[in-house]
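Each chain, letter by letter, is given below.
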Amino acid sequence: MKLSELYWHRVTPLHVVLWPLSVLYRFFSLMKKLCYWLDIFPPVKLPVPVIVVDSVSIEDSGKTPLLLWLIDSLLVHGYHPGIITRGTQGNSGPPVAVTSADSLPHSGGKAFLLAQLCGTSCPVWVGNDRIAAAQALLDAHPECNVIISNDGLQYYRLERDIEVIAVDFDEHSFGNGLLLPAGPLRIALKDVGKSSIIVTSNSQNHYVDTNSQSKNYNMKLVNETAYQVLDPHKQKMITDFRNESIQAVTDADNAHWFFELLQKTDIKVELHAYAENHRFTPQEIHFADHDIVLMPEENALQCKDFAHDKLWAVPNKAWVNSELQSALLRKLRDIPAA
């Protein structure tokens, strides 16, 4: 368990110290935003619309499935999106393209997943400088007419046209509802712009009114099926594995939703969790005396080069309120041409 989990999901005596730090964190965040709004720090405007997709929490909070849903929606309606992301801290060099042929050097699991699932129709570029990454992507792919920034909600130097913010009210993500460092939130809901689009999940578990902030839409994460990594056409309901001998393998970033899913489906598994951004080896997914190895899709695709026929991937997909697609397309059409 991370040390932060001891106090991010409850209020403890330590919050006497942490809460004032959260107030300072919010103050400096708002001051930074104000400085860019007043052009004290001039933002950079790209020649194409920019959509920022992020979460209010440091947890993923369904942001990646939401981003994949957004990409599919844009492609269906004739847009040519490109994705920029920061990757991992080890990616300190110039911006680079992430492709399905990469071996996950420094791009990070999320960028690698995006490249695996949509890299052929939507280029993915990673770099510490998001603006440089976006400009490199547009130079390499001049057909792209929308840039999607995977995170970057508080990176105000890049001027954005649309903000899509995932808010997961699950206890693991929303925690005690406090800002860093007293809680897991990076931005308070009351500070979300009126023009931002809020996409909520698990909202029935909390008494937090998001309607007073801006228009919000519902999202449900669906992970009821699995597919064989060597042959993605072979698919099964996870409940069909109940009579199998199963090993479940994941990294810490996906452990919460993955283990919760396995508990809900009531199948007996042996669980194995590794650190965040763990690079899996063949030995870690090889269990001679078991029938099935289940992994979150993000982790399973990292093992594709040494996968065996017992390895199955569990995708985490988003079902979103149908009104959201119309709202996004309307906002895109209303953006003035550069």
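None of the values given here were measured: they were computed from a predicted structure.

Undergrad: Which residues make up the pattern of salt bridges, and what values go with them?
TA: Taken as a whole, this structure holds eight salt bridges when the rule is applied. Across the pair Arg 186 and Asp 54 runs a salt bridge whose closest N-O atoms are separated by 2.5 Å. Here the residue Arg 186 occupies a position in the loop between helix H5 (171-174) and strand S7 (197-201), and Asp 54 occupies one in strand S1 (residues 50-55), the gap between them amounting to 132 residues. The residue Glu 298 makes a salt bridge to Lys 110 at a minimum N-O spacing of 2.9 Å. Taken together, the residues Glu 298 in helix H7 (residues 297-302) and Lys 110 in helix H3 (residues 109-118) connect sequence positions 188 residues apart. By relative accessible area, which is 6% here, Glu 298 ends up buried. A relative accessible area of 17% places Lys 110 in the buried class. Where salt bridges share partners, they join Lys 110, Asp 253 and Glu 298 into one cluster.

Undergrad: Can you break down the packing of aromatic side chains residue by residue, with the values?
TA: According to the stated counting rule, one finds nine aromatic pairs in the structure shown. Their ring planes at 85 degrees and their centres at 5.6 Å tell us that Tyr 274 and Phe 280 sit as a pair that is edge-to-face. Judged by its relative accessible area of 24%, Tyr 274 is partly exposed. Using a relative accessible area of 8% as the deciding quantity, one classes Phe 280 as buried.

Undergrad: Tell me about the side chain of Asp 170, and name the residues and values.
TA: Locating Asp 170 in the fold gives a position in the loop between strand S6 (162-168) and H5. In this structure the side chain of Asp 170 is engaged in a polar contact, spanning 3.1 Å, whose partner is the side chain of His 256.

Undergrad: I'd like to hear about the confidence of the model for the protein, residue by residue, with values.
TA: Per-residue pLDDT for the protein has a mean of 89; in total, 92% of the residues score no lower than 70. Least confident of the elements in the protein is H5, whose mean pLDDT is 86; most confident is strand S14 (residues 311-314), at 98.

Undergrad: Could you give an account of the packing of helix H2 (residues 63-76) against helix H8 (residues 322-334), naming the residues involved and the relevant values?
TA: Two numbers describe how H2 lies on H8: the axes approach to 11 Å, and their chain directions differ by 65 degrees. In terms of crossing hand, the pair formed by H2 and H8 is right-handed. From H2, Leu 66, Trp 69, Leu 70, Ser 73 and Leu 74 reach across to H8, where they touch Leu 324, Gln 325, Leu 328 and Leu 332. Class assignment of the residues belonging to the contact of H2 with H8 gives a composition of seven nonpolar, two polar and no charged.

Undergrad: So, the sheet that holds strand S2 (residues 81-85): which residues are in play, and what are the values?
TA: The strands that make up a sheet are held in pairs by hydrogen bonds between backbone atoms, and each pair lies either parallel or antiparallel. Taken together, the nine strands give an open sheet; going across it, the order is S3-S4-S2-S5-S1-S6-S7-S8-S15, and neighbouring strands pair in mixed fashion. Either end of the sheet is taken by a strand with one partner, and the two such strands are strand S3 (96-98) and strand S15 (317-320). In this sheet, neighbouring strand axes are inclined to one another by 30 degrees on average, regardless of whether the strands run parallel or antiparallel. Two strands pair when backbone bridges link them, and S2 and strand S4 (residues 124-126) are joined in this way by three bridges, in the parallel orientation. The residue bridging Ile 84 from the neighbouring strand is Trp 125, located in S4. Across the sheet, helix H4 (residues 130-140) touches S2, S4 and strand S5 (146-150), and the angle it forms with S2 is around 150 degrees.

Undergrad: Now, about the environment of Pro 123: what can you tell me, with residues and values included?
TA: Looking at the element boundaries, Pro 123 is found in the loop between H3 and S4. Distance in space between the C-alpha atoms of Pro 123 and Val 98 is 7.7 Å, their sequence separation being 25 residues.

Undergrad: Give me the sheet that holds strand S9 (residues 225-228): which residues, what numbers.
TA: Taken in spatial order, the six strands line up as S10-S9-S14-S13-S11-S12 in an open sheet, and their pairing is mixed. Edge positions in the sheet fall to strand S10 (235-237) and strand S12 (269-274), since each has one partner strand and no second. The average undirected angle you get between the axes of adjacent strands in this sheet is 30 degrees. Judged from the two bridges that link them, S9 and S14 form a sheet pairing that is antiparallel.

Undergrad: Go over the nonpolar core, please, and point to the residues and values.
TA: Counting 36 residues, the largest nonpolar core has Ile 51, Leu 66 and Leu 324 as the members making the most contacts within it. Here the element with the most residues in this core is H2; it accounts for seven residues. Among all residues touching Leu 66, those that are not within four sequence positions of it are Val 53, Val 164, Ala 166, Val 199, Met 219, Ala 318, Val 320 and Leu 324.

Undergrad: Which residues make up the pairing of strand S8 (residues 216-222), and what values do they have?
TA: Pairing of S7 with S8 involves three bridges; the strand directions are parallel. Residue pairing in the sheet places Thr 200 in a bridge with Asn 218 of S8.

Undergrad: So, the pairing of S5: which residues are in play, and what are the values?
TA: Within S5, five of the five residues are buried, leaving the element largely enclosed by the surrounding structure. Where burial is concerned, the two faces of S5 agree: the one with Val 146, Ile 148 and Asn 150 and the one with Ile 147 and Ser 149 are both buried.

Undergrad: Could you give an account of empty space enclosed by the protein, with specific residues and numbers?
TA: Applying the stated criterion across every chain yields a total of three cavities of 30 Å³ or more. In this model, the largest cavity occupies a volume close to 70 Å³. Forming the boundary of the largest cavity are Tyr 25, Arg 26, Ser 29, Leu 30, Lys 33, Gln 154, Tyr 156, Leu 179, Arg 186, Ile 187, Ala 188 and Asp 191. Residue classes in the lining of the largest cavity are distributed as six nonpolar, two polar and four charged.

Undergrad: So what about the packing of H2 against H3? Which residues, and what values?
TA: Between H2 and H3, the shortest axis-to-axis distance is 11 Å and the interhelical angle comes to 30 degrees. Our classification of the angle between H2 and H3 gives roughly parallel. Crossing of H2 against H3: the hand is right-handed. Residues Thr 64, Leu 67, Leu 68 and Ile 71 of H2 form the contact with H3, whose participating residues are Lys 110, Leu 113, Leu 114, Leu 117 and Cys 118.

The rules behind each value
Residues numbered from 1 in each chain as written. Predicted model: local features only at pLDDT ≥ 70, side-chain atom pairs only at ≥ 80, totals over all residues. Heavy atoms only, no water. Salt bridge = Lys/Arg side-chain N within 4 Å of Asp/Glu carboxyl O. Helix = DSSP H or I, 4+ residues; strand = E, 2+ residues; numbered from the N terminus. Buried < 20%, exposed > 50% of the residue type's maximum accessible area, 1.4 Å probe, protein only. Phe/Tyr/Trp six-rings, centres within 6.5 Å; stacked < 30°, edge-to-face > 60°. Polar contact = N/O pair within 3.5 Å; in protein donor to acceptor, adjacent residues only side chain to side chain. pLDDT = per-residue confidence, 0-100. Axes fitted to C-alpha atoms, helices over the stretch in contact; angles between N-to-C directions. Left-handed = near helix turned anticlockwise from the far one by under 90°. Contact = heavy atoms within 4.5 Å. Nonpolar A, V, L, I, M, F, W, Y, C, P; charged D, E, K, R; others polar. Pairing = 2+ DSSP bridges. Core = buried A, V, L, I, M, F, W, Y, C linked by side-chain atoms within 4.5 Å. 1 Å grid on protein atoms, 1.4 Å probe; cavity = no way out; pocket = protein on both sides within 12 Å on 5 of 7 lines; lining within 4 Å. Points joined across faces, edges and corners; volume = space filled by probe spheres on them. Parallel < 35°, antiparallel > 145°, perpendicular 65-115°, else oblique.

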